[in-house]
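For reference, the chains in residue letters:
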Amino acid sequence: MELKPFFWENYATFKGNAVWTDRGEVLSYSRLDQEVIAVGANLHRRQGLALFIARNSISCLTHYLAFLRSRVPFILLDWKVGQAVIDAMIERFSPTVIIDFRSEEIIWTATAFKAKPVHPDLALILPTSGSSGVAKSVMISYTNLQANAESIVTYLGLTPGERAITSLPFAYSYGLSVINTHLLVGAGLILTDHSLLDKPFWQILTTLSATSMAGVPFHFEIMEKLRFREMALPHLQTLTQAGGKLSLKLAELFAAYAIGSDRRFFMMYGQTEATARIAYLAVHENPGKVGSIGSVIPGGKLYLVDHNGVQVVESNRKGELIYEGPNVMLGDALTQDDVIVPTLPNKLDTGDIGEIDDDGFFWITGRKSRFIKLKGKRIDLDALQNALRDQGWDLWLTGDDTQLEIILANGQNRFQLENELFDLLSLHHSLVKIVEIERFPMTANGKPDYPKMRELIHAVLP
Amino acid sequence: MSHSKFELKQLFSSTLGIPSELVTDELAYNADPRWDSTAHLQLVMAIENTFGITLEMDDMLDMSSVAKAAEILKKYGVVWN
C-alpha cells in the first residue's frame, strides 16, 4: 500500500480550511501549521516517551501534530482519566515529560526518569478503553495512523468540504481517527469536549454547520432520547457509529432515518489494536444488511478461521474473525521492554466469532474471549476480575454489552465494591449488577461456571 | 398531583448513587463525577417514569441541578408541597 503524504504534514496545504472550537476560536490550517512548527522547534532533542493527557482543544491538537512531526512518541490519555491511571502509566513506562491538558493551560512537567530506548516506528501508546485502570495499552506506529486514516477517508468518501464535530474523546482510537481523517483531506474540525447532553454541543453543531458526527452506541441512545431524528439539521449529512454493537432497534431506526432524509449512515467495526477500523457498513446503501459489520476496510484483509486455525471459506459457517492490514498495531504495551522490542504481529485475532453471508457481508455472532463493551469502553472481564480478586474481593464477573454482572460472596461490602468499581471504571452503577451468593457455581473441573452464574443473576435481576 | 421535594431528592439519590443527605438543591450535572452523561440519561428516564411526563429536549438538557429540575417539572404540572 502506497501512502499519501502524512496527515500531520498534509493538512497545511489546505490553507483555507480551519479548526473551530466551542469557545469561539477559529484557526486556519496555515496558522495551525505555524503553531505546530513553533511547538516542534522545542521538541527536536526530546528523548524517550512523553505522557500526553489530551482533550479536544486547539492547543492539544497543535501539540499532538508537533509530536507526530518531530517523531516524539507518547502515551495518549484522556483528560478525564483518574490520577490512578496516570500514575500507573508513569510507573509502567517512565515517561521523561508529562504534557497535561487537564486544566485550561497546558502544563509541562519534566520527570526524573532517564530516557530509555523506544522502537523507532512507535508513534503513540493508546489504552484499549477510555478510562479503565486495568485496561491494556497498544502501540501504534506512524504507518498505522496514516494507513488507518487513508482507509477511512476512502470508504467515507471524505472531502475538504466536510466539517466534523468531536463528539468523542481525543484520546480514544475512534475519536482520534475522526481528527486524523479530517486533517488528511483538509476538512474542517470543530473541537469540543461537550457531551451530547450538554446544550452547547447542539448549539455549536448547528451554528458551526457540522456535516458529520460520530457516536458509540450510548450516543445513539441519547440521540434517540433527545428525538434527534426530528431535529432540523440541514448541514449534518453523515452519521458514523462504532465502539460496540448498536442495538438492532436503534440501528434500524437510524437506517430508516438516514435513507428517509437522504443522509449517510456508516456502522463500523474495529479495535484499538487495528488503530481503529477493520470493517464498515454503508447502511444507507445496504439497509437489508443492518446488524452486519459489512465488509473489510480498503487496504485490509478480513477472514474467518475455525478452532483448528483453518480458514473458513464457506458462507454461513462460524469462525474467529482475523484481520490483516497496515493498521495492525506494533503490539501490546504491557512492559517497558515491549516499547523497545514490539511483538509486530502480522495479523490480529479479534476474538470475535462470526460468519460471512452469501453476499460476502460479515456478521458477528459471539465472542471468543471474555470481553464486554460498555459505553464504548472495552472491559476485559478476566483482567478486571483478577485485579479485584488480587485486592481480596471474592467474586466472579460476567456480563454483556448492556451491563457488567458481578457475583459476590456473601458478607462482602457491596457498597465499597460499587465505589471501587466507579473509581476504576467510571461506570454508572446502573450498568453494574451485583448479586450476592452463598456458594459460587463451579464446573466439574473447578472452574467458574459463567453460564450458570449468568442464569442466577438473570433469575434474581430483571 | 402534588409531590414532595423529598421524593425528588430520593429519585436523584437512587439514580445517581449519591447518598440522599448529599443531594442538595445545588447538586449539579458534571460537578459530581457520579452525575455524568450516563447518569443524566438515567435521571431523565427516571423522572419521566415517576412523574408520568415526556420532557422536551431543551428541558432534558437544562436540568442541570436539583433546583433546576424542580423548577422545570412545574412546567409539566408537577406541584411541590
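Residues numbered from 1 in each chain as written. Chains lettered and ligands numbered in written order. Predicted model: local features only at pLDDT ≥ 70, side-chain atom pairs only at ≥ 80, totals over all residues.

### Brief notes about the overall build of chain A
This is how it is decided: Runs of E in the DSSP output that reach at least two residues are strands. Runs of H or I that reach at least four are helices, and both are numbered from the N terminus. Here the radius of gyration uses the C-alpha set of atoms, whereas the globule reference equals 2.2 Å times the residue count to the power 0.38.
Regarding its fold elements, chain A presents 13 helices and 26 strands. Scaling as 2.2 N^0.38, a compact globule of 462 residues should have a C-alpha radius of gyration of about 23 Å, and chain A matches this with 22 Å. Dimensions along the principal axes, computed over C-alpha positions, put chain A at roughly 65 × 60 × 45 Å.

### Focus on the overall build of chain B
Here is the rule we go by: Working definition of burial: number of other C-beta atoms within 10 Å of the residue's own, with buried at 20 or more, exposed at 12 or fewer, and partly exposed in between, all C-beta atoms being placed from the backbone.
Helix and strand content of chain B: four helices and two strands. Over its C-alpha trace chain B gives a radius of gyration of 11 Å, about what one expects of a compact globule, namely 12 Å for 81 residues. Projecting the C-alpha coordinates of chain B onto the three principal axes gives extents of approximately 30 × 25 × 20 Å. Here chain B holds 81 residues, and 31% of them are scored as buried.

### Re the nonpolar core
All names here are of chain A. Stated precisely, the cut-off is as follows: We define the nonpolar core as any set of buried residues of the types Ala, Val, Leu, Ile, Met, Phe, Trp, Tyr and Cys, connected via C-beta atoms lying within 7 Å of each other. Placing a C-beta atom from the backbone of each residue, one calls two residues in contact when those atoms lie within 7 Å.
In this structure, F52, A54, F74, I75 and L76 are the most contacted members of the largest nonpolar core, which totals 137 residues. If sequence neighbours within four positions are ignored, F52 has contacts with F67, F74, I75, L76 and I99. By size, the runner-up hydrophobic cluster in this structure holds 19 residues, among which are L374, L404, I406 and L425.

### Some words on the interface of chain B and chain A
This is how the line gets drawn: By the convention adopted, Pro, Cys, Tyr, Trp, Phe, Met, Ile, Leu, Val and Ala count as nonpolar, Lys, Arg, Asp and Glu as charged, and the other residues, Gly among them, as polar.
Contact residues are listed per partner, giving 14 residues for chain B and 16 residues for chain A. At the level of secondary structure, the elements contributing two or more residues to the side of chain B that touches chain A comprise α2 (37-51) and α3 (57-62) of chain B. Per-element accounting of the side of chain B that touches chain A gives the leading share, seven residues, to α2(B). In terms of residue class, the side of chain B that touches chain A is built from seven nonpolar, five polar and two charged.

### Looking at unusual backbone geometry
A negative phi holds for most residues other than glycine; trans holds for most peptide bonds. Residues and elements named next belong to chain A. Phi is positive for R227, close to 55 degrees, though the residue is something other than glycine. For R227, the location among the structural elements is in the loop between α8 (217-225) and β12 (238-241). Although it is not a glycine, D262 adopts a positive phi angle of roughly 60 degrees. Of the residues examined, D262 has 8 C-beta atoms within 10 Å and is grouped as exposed.

### Notes on the packing of helix α5 (residues 142-156) of chain A against helix α6 (residues 173-185) of chain A
All names here are of chain A. What counts here: Angles run from 0 to 180 degrees between N-to-C directions of axes, and those axes are lines fitted to C-alpha atoms, restricted for helices to the stretch in contact. Our angle categories are set so that under 35 degrees counts as roughly parallel, over 145 as roughly antiparallel, 65 to 115 as roughly perpendicular, and the remainder as oblique.
Contact geometry for α5 and α6: axes closest at 9 Å, N-to-C directions at 75 degrees. One element, α5, and the other, α6, form an angle in the roughly perpendicular class. Residue-level inspection shows L145, N148, A149, E150, I152 and V153 of α5 in contact with α6, the latter providing S177, N180, T181, L184 and V185. Its residues assigned to classes, the contact of α5 with α6 shows six nonpolar, four polar and one charged.

### Examining the environment of A:A112
By the secondary structure assignment, A:A112 is in the loop between β6 (107-110) and β7 (122-127). The spacing of A:A112 and A:N17 is 95 residues in sequence and 41 Å in space, taken between C-alpha atoms.

### Quick word on the pairing of strand β16 (residues 301-305) of chain A
Residues and elements named next belong to chain A. Cut-off, in case you're wondering: A pair of strands is considered paired only if DSSP assigns at least 2 bridges between the two.
Residue alternation in β16 divides its side chains into a buried set, L302 and L304, and an unburied set, K301, Y303 and V305. Examined bridge by bridge, β16 and strand β18 (residues 319-324) share five bridges and lie antiparallel to one another. Across the sheet, K301 pairs through a bridge with E324, a residue of β18. Of the pairings in the sheet, the one linking β16 to strand β17 (residues 311-312) comprises two bridges and is antiparallel in character. In the sheet register, V305 faces β17, and the bridge partner there is Q311. Between β16 and β17, which pair antiparallel and follow one another directly, the connecting turn spans five residues, one of which, G309, has a positive phi of 80 degrees.

### A short note on the sheet that holds β7(A)
Residue and element names in this part refer to chain A. The seven strands are arranged β6-β5-β3-β4-β7-β8-β19 in an open sheet whose pairing can be described as mixed. In the strand order of this sheet, the two ends are held by β6 and β19 (331-332), each with one partner. By the bridge criterion, two bridges tie strand β4 (residues 74-78) to β7 in an arrangement that is parallel. What sits directly across from F74, in β7, is L124. Relative to β4, helix α4 (residues 83-93) is tilted by about 170 degrees, and along the sheet it contacts β3 (50-54) and β4.

### Re the confidence of the model for chain B
Residues and elements named next belong to chain B. The criterion, for reference: Per residue, pLDDT measures the predictor's confidence, with a range of 0 to 100.
Per-residue pLDDT for chain B averages 91, and the proportion of residues at 70 or more is 99%. Here strand β1 (residues 2-3) stands out as the least confident element of chain B, with mean pLDDT 87; helix α4 (residues 66-75) is the most confident, with 95. Model confidence for the complex: the whole-complex pTM is 0.85, and ipTM, which rates the interface, is 0.88.

### Description of the sheet that holds β18(A)
Strand order in the open sheet formed by five strands is β17-β16-β18-β20-β21 (chain A), with antiparallel pairing between adjacent strands. The open sheet has two edge strands with one neighbour each: β17 and β21 (362-367) of chain A.

### A short note on the pairing of β7(A)
All names here are of chain A. In terms of burial, β7 is largely enclosed, as six of its six residues are buried. Where β7 lies against strand β8 (residues 137-141), five bridges are found, and the strand directions are antiparallel. In the sheet register, L122 faces β8, and the bridge partner there is S141.

### Structural notes on the domain arrangement of chain A
Cut-off, in case you're wondering: These domain limits were set by an automatic method or by a database of domain assignments.
Domain boundaries assigned for chain A yield domain 1 (7-366) and domain 2 (371-460). A straight line from the C-alpha centre of domain 1 of chain A to that of domain 2 of chain A covers 29 Å.

### Examining the environment of A:L145
Residue and element names in this part refer to chain A. Along the chain, L145 turns up in helix α5. For the pair L145 and A276, spaced 131 residues apart in sequence, the C-alpha to C-alpha distance is 9.0 Å. Among all residues touching L145, those that are not within four sequence positions of it are A123, I140, N180 and T275.

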